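Each chain, written out:
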Amino acid sequence: MLPIPGGEGPARPAGLQIGPLDLAARVDEALRVQAVAFGLSEEEVGIRRYIVQRHMDCSGARALGAYTEDGALTGFVYGMPNDRSHWWSTVVEPYLRADGRDGWLDHSFVITELHVHPGFQGHGVGRALITRITDGAAEPRSILSAIDTDSPARALYRSLGYTDLARRVHFPSASLPYAVMGAPLPLRRP
């Protein structure tokens, strides 16, 4: 495991490490982090458990975790090479096509989820997770979706070189619109 480099914001919590995550084996722990960070209900956690397990069976899917010294998971990221036949791509493709940007769906590494427990946010954990997972990607670019608001997450993505490819994207089960963002790899460093 690698230590988390000094990040933006207040001093980072001591002893945090980034390393491989067997997401299929630790899905419940990861979803607890996501539930707190993203405000998920128990029903939503159950649905996401199935989705995460299905994703981890996809070719090229991989995950990283941020761990305390005692091995507790404080954040995680997972992603995979994008596939136009996956549900996410079929939803965002018309929005990207409307602006002639649907080519971003090809040869891209998609960040499927990135979540950090609120008690560990603002210390560079999210930055370390996303840069390390994309550094290992064979694809020349990365794409992701984020709630379409001015949030700390969107500010982080912009600082890494992600730009808006489509906005006001509506996913069938989401009440808020999303933005699809893309960046060339490797991601920008501060």
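Up top is the structure these notes are about.
Summarised in this report is the structure supplied together with it. (Residues numbered from 1 in each chain as written. Predicted model: local features only at pLDDT ≥ 70, side-chain atom pairs only at ≥ 80, totals over all residues. Heavy atoms only, no water.)

Moving on, we get to the nonpolar core. With 32 residues, the main nonpolar core has Leu23, Phe76, Tyr78, Trp88, Val92 and Val180 as its most contacted residues. Among the elements of the structure, helix H1 (27–38), helix H2 (42–55), strand E3 (62–67), strand E4 (73–81), helix H3 (87–98), strand E7 (163–169) and strand E8 (178–184) are those that each provide at least two residues to this core. Here the element with the most residues in this core is H1; it accounts for five residues. Core analysis: the second largest hydrophobic core is formed by 26 residues, Leu64, Ala66, Val77 and Ala128 among them. (Core = buried A, V, L, I, M, F, W, Y, C linked by side-chain atoms within 4.5 Å. Buried < 20%, exposed > 50% of the residue type's maximum accessible area, 1.4 Å probe, protein only. Helix = DSSP H or I, 4+ residues; strand = E, 2+ residues; numbered from the N terminus.)

This part is about the packing of aromatic side chains. Overall, the coordinates contain three aromatic pairs when judged by the stated rule. On the numbers, 5.6 Å between centres and 35° between planes, the contact of tryptophan 87 with phenylalanine 171 is tilted. Note that tryptophan 87 is positioned in helix H3 and phenylalanine 171 in the loop between E7 and E8, a separation of 84 residues in sequence. An angle of 90° between the planes, with centres 5.2 Å apart, marks the rings of phenylalanine 171 and tyrosine 178 as edge-to-face. In textbook terms, an aromatic cluster arises when at least three aromatic residues are bridged by ring pairs, as seen for Trp87, Phe171 and Tyr178. In this structure, arginine 141 packs its charged tip against the face of tryptophan 104, placed 4.9 Å from the ring centre. (Phe/Tyr/Trp six-rings, centres within 6.5 Å; stacked < 30°, edge-to-face > 60°. Lys NZ or Arg CZ within 6 Å of the ring centre and 35° of its normal.)

Function-wise, these values are silent; they only describe arrangement.
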